Amino acid sequence: MIFPSRDFKVLSGFSSDLEARGVLCSPEPGTPQGRAMLTFMASDSEEEVCDERTSLMSAESPPPRCCQEARQGLEDGENAAQWRSQDSEEDLDDADRYVCSGVPGQPLGLEEELTLKYGAKHVIMLFVPVTLCMIVVVATIKSVRFYTEKNGQLIYTPFTEDTPSVGQRLLNSVLNTLIMISVIVAMTIFLVVLYKYRCYKFIHGWLIMSSLMLLFLFTYIYLGEVLKTYNVAMDYPTLFLTVWNFGAVGMVCIHWKGPLVLQQAYLIMISALMALVFIKYLPEWSAWVILGAISVYDLVAVLCPKGPLRMLVETAQERNEPIFPALIYSSAMVWTVGMAKLDPSSQGALQLPYDPEMEDSYDSFGEPSYPEVFEPPLPGSPEGELEEEEERGVKLGLGDFIFYSVLVGKAAATGSGDWNTTLACFVAILIGLCLTLLLLAVFKKALPALPISITFGLIFYFSTDNLVRPFMDTLASHQLYI
Amino acid sequence: MTAAVFFGCAFIAFGPALALYIFTIATEPLRVIFLIIGAFFWLVSLLFSSLFWFMARTITDNKDGPIQKYLLILGVLVSVLIQEMFRFMYYKLLKKASEGLKSINPDETAPSMRLLAYVSGLGFGIMSGVFAFVNTLSDSLGPGTVGIHGDSPQFFLNSAFMTLVIILLHVFWGIIFFDGCEKKKWSALLVVLLTHLLVSALTFISPHYGINLVSTYIIMVLMGIWAFFVAGGSCRSLKFCLLCQDKDFLLFNQRSR
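In the annotation of an unreviewed UniProt entry, the entry for chain B reads Gamma-secretase subunit APH-1, and the organism field reads Callorhinus ursinus. According to the UniProt record, the Subcellular location (unreviewed entry) comment for chain B reads "Membrane". Taken from UniProt, the Function (unreviewed entry) comment for chain B reads in full: "Potential subunit of the gamma-secretase complex, an endoprotease complex that catalyzes the intramembrane cleavage of integral proteins such as Notch receptors."

What follows is the structure in structure tokens.
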């Protein structure tokens, strides 16, 4: 799920002032007027009163977390095997694959201009984490042999691919895909039901369980394999300390509060871990068919009126509910404009302590044009407590990260040591992301983030592997340059 | 075949491109996007070239012998043509995008066509260089002896230098090409195409790296000088730049001097 966040955070008393300046979002049906929408950039606990409602949520703040947590809950209840949680994580992200946009209530001209003005920045804010995740996955795949060894399959892909004939193998992979997709659909529907009946504690519990498993168990396994690969010895006390610190800080950052950069780093790491587990346990052909099928499902679930994800989104909108930050990558930037006298007592204490950090970390992106968009505060603004902050950022669901990384990782794992295929898939996915964001700016409604990128990725994987690779290999062996 | 060879060749081949990226492109998000789109266009052109070569090979039924070599040469030449075609298509796309951006954002300055020419050239160059060299580079990390069958032991070094010159050439070709399209000087396009064909053809004499590399570098220097003048440089501005007296000539966003 991708959605740009364009919240205008205002203290409720001054909304009229800002409306006069044409800056505040005018009320839209469904958006309570003058509502102080505090957006938390860092991870926040769900008990925060101020939501993380990004203003565009006339669209879509799908609470994918609900889906995922519910699924996890279900799976955890069945079995505690390690590869279950990866499925739950997979489901987690499943619902994340939206591209949402649209700013409810901003004057149209300003909004268009702002969309286009900041569009390039949003794209880069997504390119960087996606690239980092892919780099981690590809580096691991190319160096740690554990993740390319075949050691069994998930219970969700029961059919083996060690069959004598091609037709049988194809049939098995299609069956595996059908099973996986139906599990996902069932989980999503279960999640919608859970969400409708407000079983939040249930959902939170499962979310925490799954993060625990990812941050501790999978990290331990990953660390073990990396140490094995490089033949480095580490004693158990050190290992315990390392994993404990890593996991504990991760839990705090992701589920509670923490510096934004750290939260982003943790989210990237857990996405990479999930993707690695998928790459290891999904058989070859099944993986490709599943990738294709997930994109189709995403498209259907988000755009069809009766799609489960769309219904989820609408329910969330009706209730003006926050989105669980633990499963959304948030790349928010905070620009404090106007009489930015930071008065911690006048606002929820959560937001402000992190403002300087965020502003610092995004100083390097500082575009001189940003403050110029807004007029200096009107003289009528009272008390100097007026604080208007505009958050410009993009939020991307972890499912997108995971499936992009699975595609690139599979390309790196299954090629004959060919880097060209990996790079081609990488560029294709980035271009798909670009196009998706462009469509977002044009249509301004919820769009799934997977289909375009995965389609491009698949096309380029197969064509590069079969057409370009022999050509480039022949050229390289004769040292010809084109 | 050690880490020294790997890092050395990697930095020879990609060092200048990386420096250009870090200092001129990485700071502006829009330029990064145009760079990646340029890389994508080159990739698609490569796809079509491979498709052509693949079909040609299937038609001749994969017979071994001199016919394969001729097919390869034909494939290379057709690939150059297709690359230049895609450069033209990218120019058209950028032209449309520029106009679109301008009509929507009249106050914000869209990147100029010259800048886009440079960015697109760099995109093409980086992708071309990476595709040509990265497999060789990863092989250099592994065990082996270079030239054990009588080939040149300078294989990696020569490939690295060749990759470097190709990247720089793509940058210069991009600038010249776009300028030719803007001013409707079709002769410039033809010269770009011909020099590209020449450079590729020079690699056919591949075991004799000396002639190959030296002449390609000479062509690169010539293209570089032409691109410099096409992009608006002059001897005077060059002198001022080298003597750090160019405060008056700097663009608005480079006032730090």
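There's plenty left to go through after this.
Chemist: Provide a residue-level description of the overall build of chain B, including the pertinent values.
Modeler: Scanning chain B from terminus to terminus reveals eight helices and zero strands. Element order for chain B, N to C, with α for helix and β for strand: α-α-α-α-α-α-α-α. What you see for chain B is a C-alpha radius of gyration of 20 Å, in line with the 18 Å of a compact globule of 257 residues. Taken along its principal axes, the extent of the C-alpha atoms in chain B is 60 × 40 × 30 Å. Scored against the burial criterion, the 257 residues of chain B give a buried share of 48%. Residue pairs at least 24 apart in sequence account for 74% of intrachain contacts in chain B once pairs closer than 6 positions are excluded. Surface exposure of chain B reaches about 13,100 Å², of which carbon and sulfur atoms provide 71%. The centroid of the 18 positive side-chain charges in chain B is displaced by 8 Å from the centroid of its 13 negative side-chain charges.

Chemist: I'd love a proper account of the overall build of chain A, names of residues and values included.
Modeler: A count of helical and extended segments in chain A gives 15 helices and four strands. Looking at chain A as a whole, 59% of its 482 residues are labelled buried. Sequence separation of at least 24 residues holds for 83% of the intrachain contacts in chain A that already meet a minimum separation of 6. A total of about 17,600 Å² of accessible surface is found on chain A, and carbon and sulfur atoms cover 66% of it.

Chemist: Hey, could you go over helix α10 (residues 308-319) of chain A for me, with residue numbers and the actual values?
Modeler: Helix length check: α10(A) (12 residues) gives 17 Å between terminal C-alpha atoms against 16 Å at 1.5 Å per residue, within 8%. Backbone geometry just downstream of α10(A) places N320(A) in the positive-phi region, at approximately 50 degrees.

Chemist: How would you explain the interface of chain A and chain B if you had to name every residue and give the values?
Modeler: In this assembly, 36 residues from chain A lie in contact with 45 residues from chain B. Both faces combined, the contact of chain A with chain B buries some 3,700 Å², and carbon together with sulfur accounts for 76% of it. Considering only the surface of chain A that becomes buried against chain B, F471(A), Y481(A) and I482(A) emerge as the three largest contributors, covering 23% of it. One can count zero salt bridges joining chain A with chain B.

Chemist: Any chance you could break down the confidence of the model for chain B for me, citing the residues and the numbers?
Modeler: Looking at chain B, pLDDT values average 89 and 93% of them are 70 or higher. Among the scores for the predicted complex, ipTM is 0.91 and pTM is 0.77.

Chemist: Give a description of the side chain of E161(A) that names residues and reports values.
Modeler: Residues and elements named next belong to chain A. Summarising the element assignment, E161 is placed in the loop between α4 (108-143) and α5 (166-196). Here R169 takes part through its side chain, which lies 3.2 Å from a polar atom of the side chain of E161. Beyond its immediate chain neighbours, meaning those up to four positions away, E161 contacts Q153, R169, S173, P283, E284, W285 and S286.

Chemist: How would you explain helix α8 (residues 260-281) of chain A if you had to name every residue and give the values?
Modeler: Taking 1.5 Å per residue, 22 residues should reach 32 Å; α8(A) reaches 32 Å between its end C-alpha atoms and fits that length. Within α8(A), 18 of the 22 residues are buried, which leaves it mostly tucked inside the rest of the structure.

Chemist: Let's hear about the pattern of salt bridges: which residues, and what values?
Modeler: If charged atoms from side chains of opposite charge come close, those side chains can pair. Residue and element names in this part refer to chain B. Taken as a whole and assessed by the stated rule, the structure comprises seven salt bridges over all chains. Salt-bridge contacts for E84 lead to R87; the nearest nitrogen and oxygen are separated by 3.1 Å. In this pair, E84 and R87 are both assigned in helix α3 (residues 66-104), three residues apart and thus about one turn of the helix distant. What makes E84 buried here is its relative accessible area of 5%. Of the residues examined, R87 reaches a relative accessible area of 0% and is grouped as buried. Close ionic contact of K95 with E182 constitutes a salt bridge, the shortest N to O distance being 3.1 Å. Of this pair, K95 sits in helix α3 while E182 sits in helix α5 (residues 155-182), and the two are 87 residues apart along the sequence. Exposure remark for E182: the relative accessible area of 34% places this residue in the partly exposed category.

Chemist: I'd love a proper account of the state of the cysteines, names of residues and values included.
Modeler: Evaluated as defined, the whole model comprises zero disulfides over all chains. Note on C253(A): no disulfide assigned, nearest cysteine sulfur contributed by C133(A) at a separation of 17 Å.

Chemist: So what's going on with unusual backbone geometry? Residues and values would help.
Modeler: Trans is the common state for peptide bonds, and a negative phi is the common state for residues other than glycine. Residues and elements named next belong to chain A. A positive phi angle, near 60 degrees, is found at R198, a position not held by glycine. You can see R198 is positioned in the loop between α5 and α6 (200-230). We note that Q479 has phi near 55 degrees; this positive angle belongs to a residue other than glycine. Relative accessible area serves as the criterion here: at 7%, Q479 is assigned to the buried category.

Chemist: How would you explain the packing of helix α9 (residues 284-303) of chain A against helix α13 (residues 398-414) of chain A if you had to name every residue and give the values?
Modeler: Residues and elements named next belong to chain A. At a closest axis distance of 11 Å, the pairing of α9 and α13 adopts a crossing angle of 150 degrees. When the axis of α9 is compared with that of α13, the two are roughly antiparallel. As for how α9 packs across α13, the hand of that crossing is left-handed. Contacts from E284, A287, W288, L291 and I294 in α9 reach F403, V406, L407, K410, A411 and T414 in α13. Tallied by class, residues from the contact of α9 with α13 come to eight nonpolar, one polar and two charged.

Chemist: Run through the UniProt feature "transmembrane region" (unreviewed entry) in chain B, naming residues and quoting values.
Modeler: Residue and element names in this part refer to chain B. The positions UniProt marks with the feature "transmembrane region" (unreviewed entry) are residues 6-25, 32-55, 67-86, 115-135, 155-176, 188-205 and 211-231. For residues 67-86, helix accounts for 100% and strand for 0%, while the C-alpha atoms at its two ends are 28 Å apart. Helix makes up 83% of residues 188-205 and strand makes up 0%, while its end C-alpha atoms are separated by 27 Å.

Chemist: Explain the packing of aromatic side chains residue by residue, including any values.
Modeler: Across all of its chains, the model carries 27 aromatic pairs over all chains by this definition. Each ring, one from F202(A) and one from W206(A), has its centre 6.0 Å from the other, and the planes form 90 degrees; the classification is edge-to-face. In this pair, F202(A) and W206(A) are both assigned in helix α6, four residues apart and thus about one turn of the helix distant. Classification of W206(A) by relative accessible area gives buried; the value is 17%. Here the aromatic rings of F460(A) and F40(B) are separated by 5.3 Å at their centres, their planes lie at 50 degrees, and the arrangement is tilted. Separated into two different chains, F460(A) in helix α15 (residues 450-477) and F40(B) in helix α2 (residues 29-59) make up a pair that spans both.

Chemist: Mind laying out a nonpolar patch on the surface, listing which residues take part and the relevant values?
Modeler: The grouping of L435(A), L438(A), L439(A), V442(A) and F443(A) at the surface amounts to a nonpolar patch, some 460 Å² of accessible area in total. Assignment of secondary structure puts F443(A) in helix α14 (residues 419-443).

Chemist: Provide a residue-level description of the environment of L282(A), including the pertinent values.
Modeler: All names here are of chain A. Along the chain, L282 turns up in the loop between α8 and α9. Along the chain, L282 and V226 lie 56 residues apart, while their C-alpha atoms are 21 Å from each other. With residues near it in sequence (within four places) discarded, L282 still touches K150, L154, T157, M180, A287, I290 and K410.

Conventions we followed
Residues numbered from 1 in each chain as written. Chains lettered and ligands numbered in written order. Predicted model: local features only at pLDDT ≥ 70, side-chain atom pairs only at ≥ 80, totals over all residues. Heavy atoms only, no water. UniProt positions renumbered as here; feature names shortened; annotations may be inferred. Helix = DSSP H or I, 4+ residues; strand = E, 2+ residues; numbered from the N terminus. Rg over C-alpha atoms; globule rule 2.2 N^0.38 Å. Buried < 20%, exposed > 50% of the residue type's maximum accessible area, 1.4 Å probe, protein only. Contact = heavy atoms within 4.5 Å. Areas by Shrake-Rupley, 256 points an atom, 1.4 Å probe, with all protein chains shown as cover. Lys, Arg positive; Asp, Glu negative; His and termini not counted. Charge placed at Lys NZ, Arg CZ, Asp CG, Glu CD. Expected span 1.5 Å × (residues − 1). Buried area = accessible area lost by both parts, 1.4 Å probe. Salt bridge = Lys/Arg side-chain N within 4 Å of Asp/Glu carboxyl O. pLDDT = per-residue confidence, 0-100. Polar contact = N/O pair within 3.5 Å; in protein donor to acceptor, adjacent residues only side chain to side chain. Disulfide = S-S within 2.5 Å. Axes fitted to C-alpha atoms, helices over the stretch in contact; angles between N-to-C directions. Parallel < 35°, antiparallel > 145°, perpendicular 65-115°, else oblique. Left-handed = near helix turned anticlockwise from the far one by under 90°. Nonpolar A, V, L, I, M, F, W, Y, C, P; charged D, E, K, R; others polar. Phe/Tyr/Trp six-rings, centres within 6.5 Å; stacked < 30°, edge-to-face > 60°. Patch = residues over 30% accessible without salt bridge, like charges linked within 9 Å, V, L, I, M, F, W, Y side chains within 5 Å.

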